[in-house]
Amino acid sequence: MISPRDLPTCAAIVTDPRGEQRLVIDSKLARTEIGLLGATVLSYIPVGGKETIFVSRDAVRDGVTSVRGGIPLCFPWFGWGYRDEQMKPRHGYARSATWKVESVRDNRGTVTAVLSLSAQQVVGAPGWDVLPSSFAATLTVVSGQTLQVQLEVRNEGSVPFECERALHTYLAVHDLTATTVRGLEGVGYVEDGVEHEGSAAPIRLTGPADRIYASGANLEVSDPGNERVIELSNHGSTHTVVWNPGPAAAAQMADLANDEWVSFICTETARVRDKRVTVPAGQSVTLGLTLSTRSTRRK
């Protein structure tokens, strides 16, 4: 873990009274927060803009429970996994481990933070017996006029291993039912095990959805209530997961307020299922996204 004296003046590691540890970056270009539990990006506010990342006001922030919201990391599997959806815990063990802050560098307001997780840190954790492997994971977050998030996984063992990866991005929107997602027109998807044909129209959700689209295309998410478009450029992905629990399921979630389901949409950058990767010994794979906003306010 980096020493506090080695942090630039725009950064600090803080501990919430409830127990959560966060790396807080407050530069002249953006304010970004990263929870050390799961290396979860919890906030990104570009200068002059509004919050782009959703976190529930009922989220548990004790430093040991995964936060409802942010950009959780799914590794080494997604959901209940690729083995007949029997892999536990959900989304793998990387998001429930505490990552180390290796370095933070400030370049004229663009701040690069590097966090790491080794296999040694999760040996014996829930799920380790499901998929033990010798890996070294690195998350690089670049906070500036855009937000860049890149997950690199290196196989430090002597045999290949399979894995799925996803960046489970919760985007903050003013009203989900007025939000549209462009970039997946005509792309088929799977939902509840059923294959569906894609639509020529942009995606608009008015209730629950849990769709795995067979595309890693770049996206434009309209957010008319906040007078902006959120743009997502995906790197290394083969799938996009679009998810929202809808009102009924939200009411059953203790860490999500009943009225909050309309305040976010999940657009997950993913390489999962039949496109999961086999990482050769000594090699690495990367998955990333770049998030930016464009104002639609009339001048």
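Residues numbered from 1 in each chain as written. Predicted model: local features only at pLDDT ≥ 70, side-chain atom pairs only at ≥ 80, totals over all residues. Heavy atoms only, no water.

Novice: Explain the overall build of the protein chain to me, and be specific about the residues and the numbers.
Specialist: Across its full length, the protein chain carries one helix and 22 strands. The globule rule puts the C-alpha radius of gyration for 299 residues at 19 Å, and the 18 Å found for the protein chain is close to it. In terms of its C-alpha atoms, the protein chain occupies a principal-axis envelope of roughly 50 × 45 × 35 Å. Within the protein chain, the fraction of its 299 residues that count as buried is 53%. Sequence separation of 24 or more characterises 64% of the internal contacts of the protein chain that already satisfy a separation of 6 or more. For the protein chain, the accessible surface area stands at approximately 13300 Å², while carbon and sulfur atoms represent 46% of it. Within the protein chain, the 33 negative side-chain charges are centred at a point lying 5 Å from the centre of the 30 positive side-chain charges. (Helix = DSSP H or I, 4+ residues; strand = E, 2+ residues; numbered from the N terminus. Rg over C-alpha atoms; globule rule 2.2 N^0.38 Å. Buried < 20%, exposed > 50% of the residue type's maximum accessible area, 1.4 Å probe, protein only. Contact = heavy atoms within 4.5 Å. Areas by Shrake-Rupley, 256 points an atom, 1.4 Å probe, with all protein chains shown as cover. Lys, Arg positive; Asp, Glu negative; His and termini not counted. Charge placed at Lys NZ, Arg CZ, Asp CG, Glu CD.)

Novice: Now, about the sheet that holds strand E13 (residues 181–182): what can you tell me, with residues and values included?
Specialist: Pairing between sheet strands relies on hydrogen bonds along the backbone, with the strands arranged either parallel or antiparallel. Strand order in the open sheet formed by eight strands is E6-E7-E8-E9-E22-E18-E17-E13, with antiparallel pairing between adjacent strands. Sheet topology places strand E6 (100–107) and E13 at the edges, where each strand pairs with a single neighbour. Two elements, E6 and strand E7 (residues 110–118), share seven bridges in a ladder whose sense is antiparallel. Note on E7: the bridge partner recorded for Asp106 is Val111. (Pairing = 2+ DSSP bridges.)

Novice: Now, about the sheet that holds strand E2 (residues 21–26): what can you tell me, with residues and values included?
Specialist: Within the open sheet, the four strands sit side by side as E1-E2-E3-E4. Their pairing is antiparallel. Two strands close off the open sheet at either side, each with one partner strand: strand E1 (11–15) and strand E4 (40–46). Taking the axes of each pair of neighbouring strands and ignoring which way they run, one obtains an average angle of 15° across the sheet. Across six bridges, strand E3 (residues 30–35) lies against E4 in antiparallel orientation. Note that in E4 the partner of Ile34 across the bridge is Val41. (Axes fitted to C-alpha atoms, helices over the stretch in contact; angles between N-to-C directions.)

Novice: An account of the environment of Val190 is needed here, citing residue identities and associated values.
Specialist: Turning to its location among the elements, Val190 is positioned in strand E14 (residues 189–191). For the pair Val190 and Ile212, spaced 22 residues apart in sequence, the C-alpha separation works out to 5.2 Å. Apart from the residues lying within four places of it in its own chain, the contact partners of Val190 are Glu195, Asp210, Arg211 and Ile212.

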